[in-house]
Amino acid sequence: MVNGNLEVTDKEREAFMYMLRDSGRENYPLNVSWCVSFEGERGNTCSMWGVVKWVDPKARRVQLANQKGSQWIEMEKIINVHA
């Protein structure tokens, strides 16, 4: 995230992908935030805590799961990842 806005640098995106893959390998949880756009609006930021269960490189998305359920998240929409 650059200066508090939703632009993600290439370096940040690489770090996010490393953490996502590592979560899947080592089975530890992450907090992932992503942007959800709405037609005619700027959109919202969503966040979820969980472990990466699947990385789909062809569809460019990851599956994050916790005790309450799972969520597929498009990689291009991820704006932050915290361990």
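Conventions adopted
Residues numbered from 1 in each chain as written. Predicted model: local features only at pLDDT ≥ 70, side-chain atom pairs only at ≥ 80, totals over all residues. Heavy atoms only, no water. Helix = DSSP H or I, 4+ residues; strand = E, 2+ residues; numbered from the N terminus. Rg over C-alpha atoms; globule rule 2.2 N^0.38 Å. Buried < 20%, exposed > 50% of the residue type's maximum accessible area, 1.4 Å probe, protein only. Contact = heavy atoms within 4.5 Å. Core = buried A, V, L, I, M, F, W, Y, C linked by side-chain atoms within 4.5 Å. Pairing = 2+ DSSP bridges. Axes fitted to C-alpha atoms, helices over the stretch in contact; angles between N-to-C directions.

Caption draft 1: Summary view of the overall build of the chain. Across its full length, the chain carries 1 helix and 5 strands. For the chain, the succession of helices and strands along the chain, N to C, is α-β-β-β-β-β. At 12 Å, the chain has a C-alpha radius of gyration in line with the 12 Å of a compact globule built from 83 residues. Considered along the principal axes of its C-alpha atoms, the chain spans approximately 35 × 30 × 25 Å. Relative to its full complement of 83 residues, the chain shows a buried share of 30%. Sequence-distant contacts, at least 24 apart, represent 37% of the contacts inside the chain between residues at least 6 apart.

Caption draft 2: Broad picture of the nonpolar core. Formed by 16 residues in total, the largest nonpolar core has its most connected members in Leu20, Val32, Ile73 and Ile78. Residues in contact with Leu20, not counting those within four places in the same chain, are Leu30, Val32, Val52, Val62 and Ile78.

Caption draft 3: Fine view of the pairing of strand β2 (residues 44–56). One ladder, built from 7 bridges, connects strand β1 (residues 30–36) with β2; its direction is antiparallel. Residue Val36 lies in a different strand from β2, and its bridge partner there is Asn44. As paired strands, β2 and strand β3 (residues 61–66) are joined by 5 bridges and run antiparallel to one another. Within β3, the position partnered with Val51 by the bridge is Ala65. Connecting the antiparallel pair β2 and β3 is a turn made up of 4 residues, with Arg60 showing a positive phi of about 55°.

Caption draft 4: Spotlight on the sheet that holds β1. Spatially, 5 strands are ordered β4-β3-β2-β1-β5 in an open sheet, and the strand pairing comes out antiparallel. With one partner strand each, in any of the chains shown, β4 (69–74) and β5 (78–82) form the two edges of the open sheet. With strand direction ignored, the average angle separating the axes of adjacent strands in the sheet is 45°. Of the pairings in the sheet, the one linking β3 to β4 comprises 6 bridges and is antiparallel in character. Paired with Leu64 across the bridge in β4 is Gln71. On top of the sheet, helix α1 (residues 10–26) reaches β1, β2, β3 and β5; it is set at about 55° to β5, its chief contact.

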